[in-house]
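# Structure assessment
Listed here are the chains, written in short residue letters.
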Amino acid sequence: LAPVELVRNRFQVAAGRTTLRAVLREAAAAGGVYRGLGATLLRDVPGVGAYYAAFEAMRRRAVALRGSPKLELAELAVAGAGGGVAFWTVALPLDFAKTRLQVGAEAGSASVAGVLLDAVRAGGLRRVYVGYASALARGVPGAAVVFSVYGAVHERLGGGS
């Protein structure tokens, strides 16, 4: 993910027209195409943990309320949506830092912790949650669909919820 995200992020902040070759050359000069890999892992590991933990907690609550392990697609979708909210709530500050590091926007901070501290000092917690609504608008429906489809396929293959 890191090289793809790095290229995408650099294209997004490029002034004027640029080419893939120019972006790759610039990335190589600025630390390589894997710049931000550590930050990507710091974002994804706890984010995905929160994603599955929230989904499972909501799924179990739905099973308890229903009194049956078989859930409807809508119930799985709601639990999946909860997972999407959990992912972005945990991951967005780390995504903010990763992106800032990848595009070279942080002259003084060379670490995730440094970027986050500088951002919070400058603008409070709101600073690292810029884009939260759009992350939820994109991520929550996707998570709802993923878990609904997973549930439907799992059931068709003979499993339960």
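Here, every reference points to the structure presented above.
Residues numbered from 1 in each chain as written. Predicted model: local features only at pLDDT ≥ 70, side-chain atom pairs only at ≥ 80, totals over all residues. Heavy atoms only, no water.

## A word on the packing of helix 4 (residues 73-102) against helix 7 (residues 132-156)
- Helix 7 packs onto helix 4 with a crossing angle of 140 degrees between their chain directions and a minimal axis gap of 7 Å. Relative to helix 7, helix 4 is oriented oblique. When you trace helix 4 past helix 7, the crossing you get is right-handed. Only Tyr132, Ala135, Leu136, Arg138, Gly139, Val140, Ala143, Ala144, Phe147, Ser148, Gly151 and Ala152 of helix 7 make contact with helix 4, whose side of the interface consists of Leu73, Leu76, Ala77, Gly80, Ala81, Gly84, Val85, Trp88, Thr89 and Leu92.
- Looking at the contact of helix 4 with helix 7 residue by residue, the class counts come to 15 nonpolar, 6 polar and 1 charged. (Axes fitted to C-alpha atoms, helices over the stretch in contact; angles between N-to-C directions. Helix = DSSP H or I, 4+ residues; strand = E, 2+ residues; numbered from the N terminus. Parallel < 35°, antiparallel > 145°, perpendicular 65-115°, else oblique. Left-handed = near helix turned anticlockwise from the far one by under 90°. Contact = heavy atoms within 4.5 Å. Nonpolar A, V, L, I, M, F, W, Y, C, P; charged D, E, K, R; others polar.)

## Some details on the pattern of salt bridges
- Scanning the model with the defined rule gives 8 salt bridges in all.
- The shortest N-O distance in the salt bridge between Asp118 and Arg121 comes to 3.8 Å. One end of the pair is Asp118 and the other is Arg121, both in helix 5 (residues 112-123) and 3 residues apart, which spans about a single turn.
- Classification of Asp118 by relative accessible area gives partly exposed; the value is 34%.
- Take Arg121: its relative accessible area is 64%, and that puts it in the exposed class.
- Three or more residues are tied together by salt bridges with common partners; here these are Arg43, Asp44, Asp95 and Lys98. (Salt bridge = Lys/Arg side-chain N within 4 Å of Asp/Glu carboxyl O. Buried < 20%, exposed > 50% of the residue type's maximum accessible area, 1.4 Å probe, protein only.)

## Side note on the side chain of Ser148
- Among the secondary structure elements, Ser148 is positioned in helix 7.
- By relative accessible area, which is 12% here, Ser148 ends up buried.
- Polar side-chain contacts of Ser148 include one of 3.3 Å to the backbone oxygen of Leu73.
- Discounting chain neighbours no more than four positions away, the residues touching Ser148 are Leu73, Leu76 and Ala77. (Polar contact = N/O pair within 3.5 Å; in protein donor to acceptor, adjacent residues only side chain to side chain.)

## What to know about the nonpolar core
- Membership of the largest hydrophobic core comes to 19 residues, with the highest contact counts inside it found for Tyr51, Phe55, Leu71, Phe87 and Trp88.
- Residue assignment for this core shows that the elements contributing at least two residues are helix 3 (37-66), helix 4 and helix 7.
- Ranked by residues supplied to this core, first place goes to helix 4 with 8 residues.
- When residues no more than four places from it in sequence are discounted, the contact partners of Tyr51 are Gly83, Gly84, Ala86, Phe87, Ala143, Val146 and Phe147. (Core = buried A, V, L, I, M, F, W, Y, C linked by side-chain atoms within 4.5 Å.)

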